[in-house]
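# A look at the structure
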Amino acid sequence: MTAAAITLGLTLLLYLAGAVVLGANLFLRRPVLLLAGRGLAIAGALAHTAAIGLRCVETKSAPFATPGEALSVLAWMVVLAYLVSDIFWRLHAAGPFALGLSFLLAVGAGIAPAYRGVPDPRLMGSGAVSFHIAATLAAIGAFALAFCCAALYLVEHHILKSKHGLVWLKRLPPLLTVESAAFLLVAFGFPLLTLGILAGFVANGVSAGWYANTHVLLAFAVWAIYAVYLFARLAANWPPVRTSYVLLVGLALCLLLFFVPSATHRFG
Amino acid sequence: MPLVMIGLSHQSAPVEVRERLAFTVGGALGDALGRIKAGLPPNGECVLLSTCNRTELYVATSAREPDGDAALLLAGARGLPAGEFAPYLHELRGHRAVEHLFRVAAGLDSMILGEPDIVRQVKAAYTEASDVGATGPTLNPLFHRALFVAKRARTETALGRGAFSVGHAAAEMAQSIFGSLSGRSVLLLGAGKMSEATARHLAASGARSVLVANRTFDRAARLAEALNGRAVHYDEFPAQLERADIVIASTAAPHTVVHRPMVESVLHARRHRPLFLIDIAVPRDIDADVGDLPDVFLYNIDDLRAVVDADQAERRQEALRAEALVREEAVAFWGRLRSQETATPLVTSVRAKMDTIRDSEMARLRQRLAHLPPEDWEAIERFSASLVNKIAHAPTRKIKDFAADERSDEKMETVRELFELDGAAAARAGEEPPP
């Protein structure tokens, strides 16, 4: 077992423990649990950074040259997006979701056979392909957190309207905070996604029949749904409940984009 | 030094009795403290804690039984006969008095469990007593510790969290919607006490812009001035709904004054900004179907009371943890206090006895070895002092441990016998040990 795989294993444990501790804090509201959960998330992110770095050294390639590696980087992006969100908006209620999702993605990375496979030769020297993947993964990381904020918004909105389970409101971030956090995360992720898609075109060129490629079409669908969200939020005066549903659909499309097999994307 | 608490509270006396024995901080309290202090022995200490729910006198004196006089002193401070209050007075001594004060400061003995105001009241009572020189080596550390324990109970448990009143619940709900209330605008419909109290809670949470609309403009102007806000004419309030984030409705109108079309008409201009409507009027001021509109959150007095009740239920669970913390702190504090008060004189006596033996042995040695040079005597002096220190170290530590022990009196007596000390010189606390 390589040093990168061992460090990734440690990362898994830290993410899982962080998710459990922050989940327990949602119920028990103990400052010590919050502190411990944050500490585990930071330790997990640091261990993950080390795992990714070690993997680069081992393969002498970009850290997302195989499907497993790409999953690992995506998990890392989600955790980074969570840590930044927690600093700015005290979004620790999103911790169980973010760390839990990262744990699952990192498990996927660990068990994917190609984690120890041969790197994609296209990534050995292509800056455009590397940027295409890095920007897209960072965007999906931000969208994953935006999804969590949207889900929190819908839950809180339902509690406030129905007046059932009001004690939960004290455990969750304020309604306006999650709504604006979701918007800012999308506002950060959308330009990255746009640049990532453009870099993909630059790297591969526009080949004949691109419009019949599932992956390309899904990428456009993802881009379009977040464009719709931004338009609806900024110009069309949609109610936040509706824009929150758009974000839920958005992440579902992101996951499809990531996992649907594609002829042009070796691990797409 | 014996410690006694004597007083009455909402648990032992009705309000008619409590109000007769109440003292106001800065006024009657200072005079009462002066009278009580004058009635105590020279080294006596006292703190008088007087709130709307309790009047309690904490006394520490060097006398063996100060409690017999404490009730007289308390009632006398108000110029009333003690007999009048005797059935309502409760008295706690030693460790139990310490634990009681810690419970009071933490809000565990409050009418509304965990209410935060009691910390300020305990602090004010202590400051007042300290200012008139009524506190000393027993009550100073006791009250400092009580305030520390209160802080621990509130930070380490959720005892201080949640809403304690309808106004507080409204402010908490507003924060659940908006987060920080700074920059949020509040519109008050009606200038009654309830809306004022709620607005004050919101202002304390950061809300700055307050508009007051009332059928009588003068009343609106007076309340607006008190809240550092602005009065508007009553018929202007529908237009203000477009700008307001929080509306507190508490008019005396016999029918609703805020209707669905009125709110619906401003929703487009509000661009989905949440509107929090607090209807604390009975009969209600806001049509119930207003709450069905998007981005509008309508809460009436029952909804807010339900929030207070739910928080109270949560605090009751937290109180168990806070009680354990208070007990642990009280035992530790009482142990330290007894150790200080009981052990210190005994340790001093033991050391004095050893030093006496050392001095007499050194004197005999000087006669026998008079030919030794001064530098040798210096070495012998250092050696003998070091020897006594080392021999005294273990008994000193043990005496301090004994002082906090259940059978401290018995053990102290054994130490006195062991070192053949004069019993009168050693300390006798004569108070009940901690449980």
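Residues numbered from 1 in each chain as written. Chains lettered and ligands numbered in written order. Predicted model: local features only at pLDDT ≥ 70, side-chain atom pairs only at ≥ 80, totals over all residues. Heavy atoms only, no water.

### Describing the overall build of chain A
- Scanning chain A for helices and strands turns up eight helices and zero strands.
- Buried positions account for 54% of the 268 residues belonging to chain A.
- Restricting the contact set of chain A to residue pairs at least 6 apart, pairs at least 24 apart contribute 77%. (Helix = DSSP H or I, 4+ residues; strand = E, 2+ residues; numbered from the N terminus. Buried < 20%, exposed > 50% of the residue type's maximum accessible area, 1.4 Å probe, protein only. Contact = heavy atoms within 4.5 Å.)

### Some details on the packing of aromatic side chains
Residue and element names in this part refer to chain A.
- Using the criterion set out here, one finds eleven aromatic pairs over all chains in the structure.
- For the pair Phe190 and Trp223, a centre-to-centre distance of 5.2 Å together with 35° between the ring planes defines the contact as tilted. On the criterion of sequence distance, the pair formed by Phe190 in helix H6 (residues 175-204) and Trp223 in helix H7 (residues 214-234) is long-range, its members being 33 residues apart.
- You can call Phe190 buried: its relative accessible area is 14%. (Phe/Tyr/Trp six-rings, centres within 6.5 Å; stacked < 30°, edge-to-face > 60°.)

### Side note on the domain arrangement of chain B
- You can read the domains of chain B as domain 1 (3-156), domain 2 (166-294) and domain 3 (339-425).
- For domain 1 of chain B and domain 2 of chain B, the distance between their C-alpha centroids amounts to 41 Å. (Domains from an automatic or database assignment.)

### Description of the interface of chain A and chain B
- With 24 residues of chain A at the interface, the matching set in chain B holds 31 residues.
- For the chain A face of the interface with chain B, the top three residues by lost area are Lys161, Leu176 and Asn237 of chain A, together amounting to 25%.
- At the boundary of chain A and chain B, one finds six salt bridges.
- The partner of Glu172 of chain B in a salt bridge is Lys170 of chain A, with the nearest N and O atoms 3.7 Å apart.
- When contributions to the side of chain A that touches chain B are tallied by element, the ones reaching two or more residues are helix H5 (127-162) and H6 of chain A.
- The dominant element in the side of chain A that touches chain B, judged by the number of residues it contributes, is H5 of chain A, at six residues.
- A breakdown of the residues in the side of chain A that touches chain B according to their chemical character gives 15 nonpolar, two polar and seven charged. (Buried area = accessible area lost by both parts, 1.4 Å probe. Salt bridge = Lys/Arg side-chain N within 4 Å of Asp/Glu carboxyl O. Nonpolar A, V, L, I, M, F, W, Y, C, P; charged D, E, K, R; others polar.)

### Digging into the UniProt feature "binding site: substrate" (unreviewed entry) in chain B
Residue and element names in this part refer to chain B.
- The feature "binding site: substrate" (unreviewed entry), as given by UniProt, occupies Thr51, Cys52, Asn53, Arg54, Ser110, Glu115, Pro116, Asp117 and Gln121 in the numbering adopted here.
- Not counting residues within four places of it along the chain, the set of residues in contact with Ser110 comprises His10, Arg54, Glu115 and Ile118.
- Looking at the element boundaries, Asp117 is found in helix H5 (residues 117-131).
- Among the residues examined, Asp117 registers a relative accessible area of 33% and is labelled partly exposed. (UniProt positions renumbered as here; feature names shortened; annotations may be inferred.)

### Overview of the domain arrangement of chain A
Residue and element names in this part refer to chain A.
- By domain assignment, chain A separates into domain 1 (1-73 + 92-122) and domain 2 (126-268).
- Contacts between the two partners involve 21 residues from domain 1, matched on the other side by 21 residues from domain 2.
- At the boundary of domain 1 with domain 2, the tally comes to two residue pairs in polar contact (both at pLDDT 80 or more).
- Of all the secondary structure elements, the ones that give two or more residues to the side of domain 1 that touches domain 2 are helix H1 (3-28), helix H3 (67-89) and helix H4 (95-111).
- Classifying every residue of the side of domain 1 that touches domain 2 by side-chain character gives 17 nonpolar, one polar and three charged. (Polar contact = N/O pair within 3.5 Å; in protein donor to acceptor, adjacent residues only side chain to side chain.)

### Observations regarding the pattern of salt bridges
Residues and elements named next belong to chain B.
- This structure, assessed with the given rule, holds 29 salt bridges over all chains.
- The salt bridge partner of Glu56 is Arg54, with a shortest N-O separation of 3.0 Å. Per residue, the accessibility class of Glu56 equals that of Arg54, and both read buried.
- Here Glu413 ties to Arg416 by a salt bridge, and the two come within 3.2 Å at their closest N and O atoms. On the criterion of helical spacing, the pair formed by Glu413 and Arg416 is a turn pair, its members being three residues apart in helix H14 (residues 408-418).

### Notes on the sheet that holds strand S7 (residues 230-233) of chain B
Residues and elements named next belong to chain B.
- If you walk across this open sheet you meet the six strands as S7-S6-S5-S8-S9-S10, and the pairing is parallel. Two strands in the sheet have a free side with no partner beyond their single neighbour: S7 and strand S10 (296-300). Sheet twist, expressed as the mean angle between neighbouring strand axes with direction ignored, is 20°.
- In this structure, strand S6 (residues 209-214) lies alongside S7, joined through four bridges in parallel fashion. Across the sheet, Val212 pairs through a bridge with Ala231, a residue of S7.
- Packed on one face of the sheet, helix H7 (residues 166-178) meets strand S8 (246-249), strand S9 (275-279) and S10 and runs near 165° to S9. (Pairing = 2+ DSSP bridges. Axes fitted to C-alpha atoms, helices over the stretch in contact; angles between N-to-C directions.)

### Observations concerning the pairing of strand S2 (residues 45-50) of chain B
All names here are of chain B.
- Across the six residues that make up S2, a large majority, six, are buried.
- Side chains Glu45, Val47 and Leu49 project from S2 onto one buried face, and the interleaved Cys46, Leu48 and Ser50 project onto a second face that is buried too.
- Note: S2 against strand S3 (residues 54-60), six bridges, orientation antiparallel. Each bridged residue has a counterpart across the sheet, and for Ser50 the counterpart in S3 is Thr55.
- Adjacent in sequence and paired antiparallel, S2 and S3 are bridged by three residues.

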